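Structural overview
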Amino acid sequence: VGNSVERDDNPFGAKRGATVADLLPWPSSIAASFPFSDAPRRFETATVDPSGSLVATTDNLGRVILFDMETEQPIRMWKGMRNCSCYFAELPYYVEDGGTITRLYLVVHLRQRGAVEVYRLRQGPRVSAISVPSQKDCAVVECRGPSSEGGHVDSFLLERVDDNETNGNHYIFDKLVVDDPDAVMMTALPNQTPAAGSPPSRGEGNKMQLKLLLQLISPDTNIQCTSQTILTTFKSIRALADLGEGLDAISKCNLENEKNIECSALHSQAVSVCKSRLTLARDVEVNEGSGAVRKEAMSELEMRVAYHDRLGKAYAVLRRYEEARRGEEDGSSNDMGIAGSGRDLPSSPWAAEALRWLSLSSVNSGFLQSIPRLHNSQEGDKEPLQFSKFAMACQPSSGGESDDRVYLTKIKRSRLPILKRIFRPLLQDLFVFKVVNSSFVQLGINEDFDTLQKYFGEWASTLSSNDLAKSNMYATATWRPIIRWLHDLILTAYDASQRHQGLSQSQAKLEDDLLRKNAKLETLIKFCTEIEDLPKAFLLAAICTDAISSASLQLEQKTYGKITQVECIRPWEELLRKLRTCLLVSLR
């Protein structure tokens, strides 16, 4: 900053030798120029605040320096500010005596870093850190408001967004919201009601972008928009709490049919935006600290991001499988039927008896066959599952802040269509049955064995006896996906129990009891006893017995006889004998 303007480009159109005071649009009663020499520092830009008392400069050393024009001294310096530009913003605040004051903020646009940072002047902290498009896709515009509103200076963000659908560009012009948690801006005092016609509160101003987002994705709206428009509106939300609410809304909006928008991709981009905002918020907390309200907002957003991250990954597994199998019908290959090919032998005596009961039930009307056709219908299942339907059928765990598991909804009728999709690979072949486990791993519930048995039982209850028997009852079959999945479930329960070492005697006993319960698939026994179709119940019990028999034999070796095969299959054999008695009575 020198006594005169000596730049060759002279962007202001001033004559050579004109002082800084000659360039000010308002009369200044203080010195508007002063000498300052600090070689090898070379000043590149200078921005004067609305009152003409402060000037922010950028230089070749990557510094932003704030000068007091009255004392002619530097009063503040920021480092690491290369390739940036400076602007000012003024915000009016109500004070307790009913008057208003104006606070001044420095807005720094870091083009290379893709961020806009806002600092309260003169010695206040950084109050906002906003992620914006880098380089030439974003600009900050400083503008003075109308005199009727006080003539305050505001800064605006101008973003250019590529529109892939029209192969063109469109622009978003939005006011820069200064999120100063220590200020009470334009809000009524406690126990007071805002006067009629008073300016909107800061909370209402921050909610405006959230309301706009909800309007764009509403099923009743007639506003034409693209995924980029929705994402840009989402990125303009400043408050962390509103960001989490917007993420929930995006995950459940049905835009695939109405606006032909791929919701899973939009959801993934929104999750990335939230992760970026959380990173910036953590940096602010480390450098400057944060209040209790902001800590709570960060904690809540972290939980929501973890939930939506699992949601997106689980859906991606399911979507890849359905895309690969698109157009194929369940069980179209290796359709062995109930009776087999004549050369196939049943895998066990219980399996042979189950097949005989099925054959007898097809010609005898004395058996009650209850096949829920509503859920077993294949109509509408040939197309890949829409992300919004998957998200609406999921819910976060209620286990606390550290529990990020994702469960299906408690409403059975709503989760059954999703269970059909998740367990469908068990009706295909051995090469894709692991997709089921991958889905549960991404949801974080792969070690909640009670829930997995419950989900499997509900799904198995919707299948016909033919689908259950297919490729699972014959010893010569090279793959038996349902039996293999149950077998792996039991062994996974054992592996999970081995990770809990160093437990007390009482805790170790509880772990052993839990392992025995999972090894016996006790939760599934309840489903078999509730099935009204007796031949089908006998068939499902025979399948579970085969899976437990093979898995418990390995457990007996791993536990050195602590858990035995005989012990594990005993309750299932008792159930099979009871079902046999019921079937014989039904024949009479």
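Cut-off values and rules
Residues numbered from 1 in each chain as written. Predicted model: local features only at pLDDT ≥ 70, side-chain atom pairs only at ≥ 80, totals over all residues. Heavy atoms only, no water. Helix = DSSP H or I, 4+ residues; strand = E, 2+ residues; numbered from the N terminus. Buried < 20%, exposed > 50% of the residue type's maximum accessible area, 1.4 Å probe, protein only. Contact = heavy atoms within 4.5 Å. Areas by Shrake-Rupley, 256 points an atom, 1.4 Å probe, with all protein chains shown as cover. Pairing = 2+ DSSP bridges. Axes fitted to C-alpha atoms, helices over the stretch in contact; angles between N-to-C directions. Phe/Tyr/Trp six-rings, centres within 6.5 Å; stacked < 30°, edge-to-face > 60°. Left-handed = near helix turned anticlockwise from the far one by under 90°. Nonpolar A, V, L, I, M, F, W, Y, C, P; charged D, E, K, R; others polar. Salt bridge = Lys/Arg side-chain N within 4 Å of Asp/Glu carboxyl O.

What follows covers the overall build of the protein. Counting secondary structure elements, the protein contains 18 helices and 13 strands. Split into buried and exposed, the 588 residues of the protein put 48% on the buried side. In the protein, the proportion of contacts linking residues at least 24 apart, taken out of those at least 6 apart, comes to 62%. As presented, the protein carries roughly 29700 Å² of accessible surface, and 50% of it is formed by carbon and sulfur atoms.

This part takes up the sheet that holds strand 3 (residues 64–68). Spatial ordering of the open sheet is given by 1-2-3-4, a layout of 4 strands whose pairing is antiparallel. Edge strands, defined here as strands with exactly one partner in the open sheet, are strand 1 (43–48) and strand 4 (73–78). Sheet twist, expressed as the average angle between the axes of neighbouring strands with direction ignored, equals 25°. Sheet topology note: the strand 2 (residues 54–59)/strand 3 ladder contains 5 bridges and is antiparallel.

Attention now goes to the packing of aromatic side chains. For the structure shown, the criterion picks out 12 aromatic pairs. Between W350 and F538 the ring centres are 6.1 Å apart and the planes differ by 55°, which places this aromatic pair in the tilted class. One end of the pair, W350, is in helix 7 (residues 349–363); the other, F538, is in helix 17 (residues 534–558), with 188 residues separating them in the sequence. The pair W350 / F538 is uniform in exposure class, with both members buried. Of the aromatic side chains, those joined through ring pairs into one cluster are F423, F440, Y455, F456, W459 and W485.

A few words on the environment of Y455. As for its placement among the helices and strands, Y455 is situated in helix 12 (residues 449–462). A relative accessible area of 3% means that Y455 is categorised as buried. The spatial distance from the C-alpha of Y455 to the C-alpha of R415 is 9.1 Å, given a sequence separation of 40 residues. Discounting chain neighbours no more than four positions away, the residues touching Y455 are Y407, L408, R415, L419, F423, F440 and I445.

Taken N-terminus to C-terminus, the directions of helix 14 (residues 481–498) and helix 17 make an angle of 35°; their axes are 8 Å apart at the nearest point. In the packing of helix 14 onto helix 17, the handedness of the crossing is right-handed. Contact residues: helix 14 offers I482, I483, L486, H487, I490, L491, Y494 and D495, while helix 17 offers I543, C544, D546, A547, I548, S550, A551, Q554, L555 and K558. Across the contact of helix 14 with helix 17, the residue classes break down as 12 nonpolar, 3 polar and 3 charged.

Here we come to the pairing of strand 2. For strand 2, the buried fraction is high: 6 of the 6 residues fall into the buried class. Residue alternation in strand 2 divides its side chains into two sets, L54, A56 and T58 and V55, T57 and D59, and both sets are buried. Two strands pair when backbone bridges link them, and strand 1 and strand 2 are joined in this way by 5 bridges, in the antiparallel orientation. Paired with T45 across the bridge in strand 2 is T58. Remark: 5 residues form the turn of the hairpin made by strand 1 and strand 2, two consecutive strands paired antiparallel; G52 in that turn has positive phi of roughly 80°. Between strand 2 and strand 3, which pair antiparallel in sequence order, lie 4 residues; one of them, G62, sits at a positive phi of approximately 75°.

So, about the pattern of salt bridges. Note on pairing: side chains with opposite charge can pair once their charged atoms come close. The tally for this structure, following the rule as stated, stands at 24 salt bridges. Among the salt bridges present, the one from K517 reaches D450, with a minimum N-O distance of 3.5 Å. Of this pair, K517 sits in helix 15 (residues 505–519) while D450 sits in helix 12, and the two are 67 residues apart along the sequence. Overall, K517 belongs to the partly exposed group, its relative accessible area being 29%. On the basis of relative accessible area, D450 is assigned to the partly exposed category, the value being 29%. As a salt-bridge pair, E567 and K520 come within 3.9 Å of each other at their nearest N and O atoms. Of this pair, E567 sits in helix 18 (residues 565–587) while K520 is found in the loop between helix 15 and helix 16 (522–530), placing the two residues 47 residues apart along the sequence. K520 carries the same exposure label as E567, and that label is buried.

The subject of this paragraph is the side chain of S497. Structurally, S497 is set in helix 14. Assessed through its relative accessible area of 13%, S497 is described here as buried. When residues no more than four places from it in sequence are discounted, the contact partners of S497 are E511 and L515.

By themselves, these observations are geometric and do not establish any function.
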